[in-house]
Amino acid sequence: MSISFKQARKNSLFIFLFSAVLSSNSNAQTNLLQYARPIIGTEKMGHTFPGATVPFGAVQLSPDTDTIPFQSNGKYNPDVYKYCAGYQYNDKTIVGFSHTHFSGTGHSDLGDFLIMPSTGPLQLNPGTADHPESGYRSTFSHDNEVAEPGYYKVKLDDNNILAEMTATTRTGFHQYTFPKSDQSHIILDLMAGIYNYDEKDVWTFVRVENDTLVTGYRQTNGWGRTRTVYFAMSFSKPIQNYGCKEYAKMPYRGFWGKFNQTKNFPDLAGKQLRMYFDFKTEEGEKIKIKFALSPVSTRNAVQNMQTEIPHWDFDRTKQQAQQAWVKELSKVTVTAGSEEEMINFYTAMYHAALMPTVYTDVNGEYKGLDQNIHKAAGFTNYTSFSLWDTYRAFHPLQNIINPSLNRDLVRSMLAHYDQSALHMLPIWSHYANDNWCMSGYHSVSVVAEAYLKGTLTDGADKALDACITTARQRNYEGIGYYMDKGYIPQDKNGVSVSTTLEYAYDDWAIAQLAKKLGKQAIYDEFIKRSQNWRNVYDASIGFMRPKLSDGTFKSSFDVLKTDGQGFIEGNAWNFSLYVPHDPAAMIEAMGGKKRFTAHLDSLFTMHLPDEFFAETEDITRDGIIGNYIHGNEPAHHVAYLYDWTDAPWKTQERVRMILKNQYHSGAAGLGGNDDCGQMSAWYIFSALGFYPVAPASDQYWFGSPAVKTALVHLENGKDFSVEAIDQSDKNVYVKKITLNGQVLNRRYITHDEIMNGGKLVFYMAAKPTK
């Protein structure tokens, strides 16, 4: 069922009760797909992409609506931030369709191997948004655009070409319907990229193997400094002519000048290449392209293509891609009170299954952090770990609905550690690189959680050693100061407070794993380190505050400002609440339950003027409620902290308010970067009625469910169900909770209770139980 975004917006809200076993009901499968809307988050801050991919697939075949450079006149160009995923909904032109994209990030890379069909006189320049006719880009309309899980379609108006795409795990499948023309072209832009700059392309190699097969690779120095991607490109129709243009001025070219390399030359190499392939087409003729990727070699790319799509049946591949999405989405089946809530839930499920991505060829080979070729033994290797974001809720979610996946994610992190010259687990890794983005060493939380919750059992001692070694890396971002002083001095590190707080939580996670394994000395060391949050708490003002090397607090300090105050992408109001492993002690330090409750109330109800976050591009008004910043991750647990006070009903009230305020069904439906599924994982947990405040804990703290019913289909064959009796937009308060018929007189449910299956029932009311 194909529904354009514009059509979807016209649908009125209605009460929809939906419950079905998908394997036996094809209509239910179709209905489930239609609620996942890839277009959501493509406007403003969401930074999602609308194109075709499969769950956790290595290929994300998606349109790029502009090619904004990273730099302008030698300085950072802030407009590039809008194009972290290559696509902005309000743009009027499409430059082309590239094969690699991050989902929801606040910095970027990728955008590899951009393809664009065209007709008429050949143009190798992409042109500009204001004058698309000056290049190969094309105008388009959302009226003629369809974005579904596993499928994307758009009409390119300037050349009257219909572009369609679908994908398998490692191969993108293009289908272009041309008009009649003796001048039809396929452009392969090997210079294009996201967060691009003139010297980003280190080297490009292209080999035209025959009249239908092209192979090559591209190496770039961007967010990943040694990122190399190999490709194989196969046409459904023989190439008539082809050519290449090199845009880089190279001081040395050897003796290749003996050849005319600009036309029909099969062995090409350079820094900035664009290629074209010429065809003659009849009216309505389809030219199809299979484009496979590999981290290892062109030979592996060909093998990936031949294994995954050994045919030219586009519809068959599309159907398989959408069946894969049905399987993924149906891991949680829900009923809700409106169509918009169904859309929001299943779009969150969709976005929470885009990253990390497969980084292993069909033969098991991948390139490691050491730049050598490895073979994954007994697991699938993955890449693109945005751990500062995803340790909070994304990985806890996978431990419930996708434990076999999360098992491989952790094994991939441990393989990264084995290959690391620095002997560290990943911080923010992609494509055989660690880009070292953000703070903390949150992979230790993900690793510890997987062992503590039973997702992984083998190799626990070695995993603990990896966590310990990472946490003792003295020359990484202030760890030496942190170990010696119990905090990171602000005069040594500009984000000293938030990093101290994040290390303290991570250390608590290490302590829990050490405790489980009977390593008492390690437990004692790291449980002590987990209390380092106290060393940056200034009781005289009630906030975490930067401390200097001499042990005094920084005198000039603004609790509202998000820049230059010792916090990364946040302010003291939000980050001072980051002690997820010991909220009770934090609340006591802040004056007790009554005072803390009033403090939380102020966070949600006060006004944060724009001037206090003007210099922080990851925070905008859209993601702010009062002074609570939901559009960025550090405060994602904060609404649940009322559960440690005498007013847990305020958690219920706040969570339901955030769900309504920050998640919508339009293109601008996300209040902030989705951050590789973290924003969406928050939605899924909160809609189900509970949340992992401390991810490495086995406790999920109660909020207020936004669904009417939910059925979580566990990998162990059991089902865990949630029912919210009398739940509505007004009935957001919880009167009583039962688990398997027994009243729960606590404010959390445990991981084992979920994984054992059973039924959790919330009894809802319009007034709080105080």
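In what follows, the structure referred to is the one given above.
Report follows, based on the coordinates. (Residues numbered from 1 in each chain as written. Predicted model: local features only at pLDDT ≥ 70, side-chain atom pairs only at ≥ 80, totals over all residues. Heavy atoms only, no water.)

Of the regular secondary structure elements, the protein chain holds 19 helices and 38 strands. For 770 residues, the compact-globule estimate of 2.2 N^0.38 gives 27 Å, and the protein chain sits close to it at 26 Å. Along the first, second and third principal axes, the C-alpha atoms of the protein chain reach 80 × 60 × 50 Å. Taking all 770 residues of the protein chain together, the buried fraction comes to 65%. Taking as baseline every contact in the protein chain between residues at least 6 positions apart, the subset at least 24 positions apart corresponds to 69%. Carbon and sulfur atoms make up 48% of the accessible area of the protein chain, which totals about 27100 Å². (Helix = DSSP H or I, 4+ residues; strand = E, 2+ residues; numbered from the N terminus. Rg over C-alpha atoms; globule rule 2.2 N^0.38 Å. Buried < 20%, exposed > 50% of the residue type's maximum accessible area, 1.4 Å probe, protein only. Contact = heavy atoms within 4.5 Å. Areas by Shrake-Rupley, 256 points an atom, 1.4 Å probe, with all protein chains shown as cover.)

Glancing now at the environment of Asp461. Among the secondary structure elements, Asp461 is positioned in helix 10 (residues 460-471). Distance from Asp461 to Met250, taken between C-alpha atoms, is 52 Å for residues 211 residues apart in sequence. Ignoring anything within four residues of it in the chain, the contact list for Asp461 reads Leu517 and Lys519.

What follows is about the sheet that holds strand 37 (residues 748-750). Ordered in space as 31-32-37, the three strands form an open sheet in which the pairing is antiparallel. The open sheet has two edge strands, strand 31 (690-691) and strand 37, and neither has a second partner. Here strand 31 runs beside strand 32 (residues 699-702); their pairing, made up of two bridges, is antiparallel. When the bridges of strand 32 are listed, Tyr691 appears paired with Trp701. (Pairing = 2+ DSSP bridges.)

As for its position among the elements, Glu164 is in strand 10 (residues 161-167). Although buried, Glu164 forms no salt bridge, and the nearest oppositely charged side chain, Lys153, lies 5.2 Å from it. Apart from the residues within four sequence positions on either side, Glu164 is in contact with Tyr151, Tyr152, Lys153, Phe173, His174, Gln175, Thr177 and Phe314. (Lys, Arg positive; Asp, Glu negative; His and termini not counted. Salt bridge = Lys/Arg side-chain N within 4 Å of Asp/Glu carboxyl O.)

For the rest of this paragraph, the subject is the nonpolar core. Of all hydrophobic cores here, the largest spans 225 residues; its most connected members are Phe97, Met233, Phe277, Phe345, Phe690 and Leu760. A total of 11 residues in this core trace back to one element, the largest contributor, which is helix 12 (residues 496-516). Among the nonpolar cores identified, the runner-up in size contains eight residues, and Ile68, Val80, Tyr83 and Ile194 belong to it. (Core = buried A, V, L, I, M, F, W, Y, C linked by side-chain atoms within 4.5 Å.)

Turning next to the side chain of Ser530. For Ser530, the location among the structural elements is in the loop between helix 13 (520-529) and strand 27 (537-538). Take Ser530: its relative accessible area is 0%, and that puts it in the buried class. For Ser530, the side chain forms a polar contact with the main-chain oxygen of Ile527, separated by 2.6 Å. With residues up to four places along the chain from it excluded, the contact list for Ser530 reads Ala504, Asp507, Trp508 and His581. (Polar contact = N/O pair within 3.5 Å; in protein donor to acceptor, adjacent residues only side chain to side chain.)

Attention now goes to helix 13. For helix 13, the full list of buried residues reads Ile522, Tyr523, Phe526 and Arg529. All buried residues of helix 13 fall inside an arc of 135° around its axis, so they share one side. Of the exposed residues in helix 13, those oriented more than 90 degrees away from the buried face are Ala521 and Lys528. (Arc of directions from axis to C-beta.)

Summed over the entire model, instances satisfying the criterion amount to 46 aromatic pairs. Look at Phe113 and Phe291: their rings are 5.4 Å apart centre to centre, the planes differ by 40°, and that puts the pair in the tilted class. In this pair, Phe113 sits in the loop between strand 5 (96-98) and strand 6 (114-119) while Phe291 sits in strand 19 (residues 286-294), placing the two residues 178 residues apart along the sequence. Overall, Phe113 belongs to the buried group, its relative accessible area being 0%. Centroid distance Trp701 to Tyr748: 5.1 Å. Interplanar angle 50°. Geometry classified as tilted. Here Trp701, found in strand 32, pairs with Tyr748, found in strand 37; they are 47 residues apart in sequence, far enough to count as distant. One aromatic cluster is present, built from ring pairs that chain together Tyr640, Tyr663, Trp682, Tyr683, Phe685, Phe690, Tyr691, Tyr700 and Phe720. The positively charged end of Arg274 is found above the aromatic ring belonging to Tyr247, 4.7 Å away from the centroid. We note Lys290 situated over the ring of Trp312; from NZ or CZ to the ring centre the distance is 4.2 Å. (Phe/Tyr/Trp six-rings, centres within 6.5 Å; stacked < 30°, edge-to-face > 60°. Lys NZ or Arg CZ within 6 Å of the ring centre and 35° of its normal.)

For the rest of this paragraph, the subject is unusual backbone geometry. In this chain, Met355 is followed by Pro356 through a cis amide linkage whose omega measures -5°. With respect to the element layout, Pro356 can be found in the loop between helix 5 (339-351) and strand 21 (357-358). For Phe113, which is not glycine, the phi dihedral falls at a positive 60°. Phi at Asp675 is positive, roughly 50°, even though this residue is not glycine. With respect to the helices and strands, Asp675 occurs in the loop between helix 17 (648-662) and helix 18 (678-688). Among the residues examined, Asp675 registers a relative accessible area of 5% and is labelled buried.

The next subject is the packing of helix 17 against helix 18. Running from amino to carboxyl end, helix 17 crosses helix 18 at an angle of 135°, the nearest separation of the two axes being 10 Å. If you check the angle between helix 17 and helix 18, you find them oblique. Seen from above, helix 17 lies across helix 18 with left-handed handedness. Along the contact surface, helix 17 presents Val655, Ile658 and Leu659, while helix 18 presents Trp682, Tyr683, Ser686 and Ala687. For the contact of helix 17 with helix 18, the residue count by class is six nonpolar, one polar and no charged. (Axes fitted to C-alpha atoms, helices over the stretch in contact; angles between N-to-C directions. Parallel < 35°, antiparallel > 145°, perpendicular 65-115°, else oblique. Left-handed = near helix turned anticlockwise from the far one by under 90°. Nonpolar A, V, L, I, M, F, W, Y, C, P; charged D, E, K, R; others polar.)

This part is about the pattern of salt bridges. Under the criterion given, the structure shown has 32 salt bridges. Ionic pairing is found between Arg137 and Asp66, a salt bridge with its closest N-O pair at 3.3 Å. Taken together, the residues Arg137 in the loop between strand 6 and strand 7 (138-139) and Asp66 in the loop between strand 1 (62-64) and strand 2 (71-72) connect sequence positions 71 residues apart. For the residue pair Arg137 and Asp66, the accessibility class agrees, reading buried in each case. The closest approach of N and O atoms between Asp189 and Arg274, which form a salt bridge, is 2.7 Å. With Asp189 in strand 12 (residues 181-189) and Arg274 in strand 18 (residues 273-281), this pair connects stretches of sequence that are 85 residues apart. Among the residues examined, Asp189 registers a relative accessible area of 1% and is labelled buried.

So, about the environment of His374. Turning to its location among the elements, His374 is positioned in strand 23 (residues 373-375). A C-alpha to C-alpha distance of 9.9 Å links His374 and Gln419, two positions 45 residues apart in sequence. Once residues within four sequence positions are removed from consideration, His374 is found in contact with Gly364, Glu365, Tyr366, Gly368 and Gln419. Polar side-chain contacts of His374 include one of 2.8 Å to the side chain of Asp370.

Here we come to the packing of helix 7 (residues 394-401) against helix 8 (residues 403-419). In contact at an axis separation of 6 Å, helix 7 and helix 8 are set at 130° when each is read in the N-to-C sense. One finds that helix 7 runs oblique with respect to helix 8. The segment helix 7 lies against helix 8, with Phe394, His395, Gln398, Asn399, Ile400 and Ile401 engaging Pro403, Leu405, Asn406, Leu409 and Met413.

In terms of burial, strand 15 (residues 227-235) is a largely internal element, nine of the nine residues being buried. Pairing of strand 14 (residues 213-220) with strand 15, which is carried by eight bridges, proceeds in the antiparallel orientation. What sits directly across from Thr220, in strand 15, is Arg227. Looking at chain direction, strand 15 and strand 19 are connected through six bridges and run antiparallel. If you follow Phe235 over to strand 19, its bridge partner there is Ile289.

Spatially, the six strands line up as an open sheet ordered 20-33-34-38-35-36, and their pairing is mixed. Of all the strands in the sheet, just strand 20 (332-335) and strand 36 (742-743) have a single pairing partner and so form its edges.

Without other data, these values stay purely geometric and don't point to any function.
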